[in-house]
Structures are given as structure tokens and as C-alpha cells.
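# Commentary on secondary and tertiary structure
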Amino acid sequence: MIKEDFITLDKLCSLYKVKMSFFSDLNEIGLIDIFTIERTQCIHQDKIIDIEKMIRIHHDLNVNIEGIDIVFNLLQKIEDLQNELMIVKNRLH
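To start, this report covers the structure provided alongside it.

About the thresholds
Residues numbered from 1 in each chain as written. Predicted model: local features only at pLDDT ≥ 70, side-chain atom pairs only at ≥ 80, totals over all residues. Heavy atoms only, no water. Helix = DSSP H or I, 4+ residues; strand = E, 2+ residues; numbered from the N terminus. Expected span 1.5 Å × (residues − 1). Buried < 20%, exposed > 50% of the residue type's maximum accessible area, 1.4 Å probe, protein only. Contact = heavy atoms within 4.5 Å. Arc of directions from axis to C-beta. Pairing = 2+ DSSP bridges. 1 Å grid on protein atoms, 1.4 Å probe; cavity = no way out; pocket = protein on both sides within 12 Å on 5 of 7 lines; lining within 4 Å. Points joined across faces, edges and corners; volume = space filled by probe spheres on them.

## Considerations on helix α4 (residues 65–92)
- Given a rise of 1.5 Å per residue, 28 residues ought to cover 40 Å, and the 41 Å separating the end C-alpha atoms of α4 matches this to within 8%.
- Residues of α4 that are buried include every one of I65, G67, I68 and F72, and no others.
- Its buried side turned inward, α4 meets α2 (20–28) and α3 (48–60).

Shown next as C-alpha cells:
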């Protein structure tokens, strides 16, 4: 793991004005993976877009952690179905 590819949770909490428990809860239900690098909890930078979506859903729509899990599972299913539809369309052509 390259340290530069990770962002500390402390920095994210400060930047997005959320509590550390928010990230712990997301980690517990499997929406994010928290890594410990040099005794500091971090998240891979590739997950920032998803984290920003989760924070917006949580703050703007007042959705709890379990609701965020449901929303992201549904979004993943939609994406999978769109990909499958694209494959089928390509086969027909």
C-alpha cells in the first residue's frame, strides 16, 4: 500500500464536518474499508466520491446509516442492470 493513496479519517471528519463514528458505522456495515497505516485510520482515495455521496445522502436527505446502505445497494443493482442491458444491446447489433 502506498501511503499517498490514502486520506486520514481525521482530515475527512474536519473537511466534511462529520463525526468519526459516521465512518466507523459505514465500515461496520461494509460500505467502506478503513485501513490503519502507521497507527492512523485512513480510507483509500478511490472511495472519496462514494463517501461524498454518502455524506450528502446523510445530511441533505437526513437518511440514517442503514438507509444509506439500502440506497447504495439499489444504486449498485441499477448499475449492474445497465451494464447487462448494454451487453445485450451490443450482442443484438
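## Some thoughts on α2
- Within α2, the full set of buried residues consists of F22, F23 and L26. In a view along the axis of α2, the buried residues occupy a sector of 95°, so they form one face of it.

## Considerations on the pairing of strand β3 (residues 40–44)
- Here strand β1 (residues 6–8) runs beside β3; their pairing, made up of three bridges, is antiparallel. Its bridge partner lying in β3, I7 is registered against I43.
- Of the pairings in the sheet, the one linking strand β2 (residues 35–37) to β3 comprises three bridges and is antiparallel in character. Counterpart to T36 in the pairing with β3 is Q41.
- Adjacent in sequence and paired antiparallel, β2 and β3 are bridged by two residues, among which E38 carries a positive phi angle near 50°.

## What to know about the layout of surface pockets
- Reported here for the largest pocket is a volume of approximately 250 Å³.
- Considering the residues around the largest pocket, the lining is formed by G30, L31, K47, D50, K53, M54, F72, N73, L75, Q76 and E79.
- Mapped by element, the contributors of at least two residues to the lining of the largest pocket are α3 and α4.
- Here the lining of the largest pocket takes five residues from α4, the largest share from any one element.

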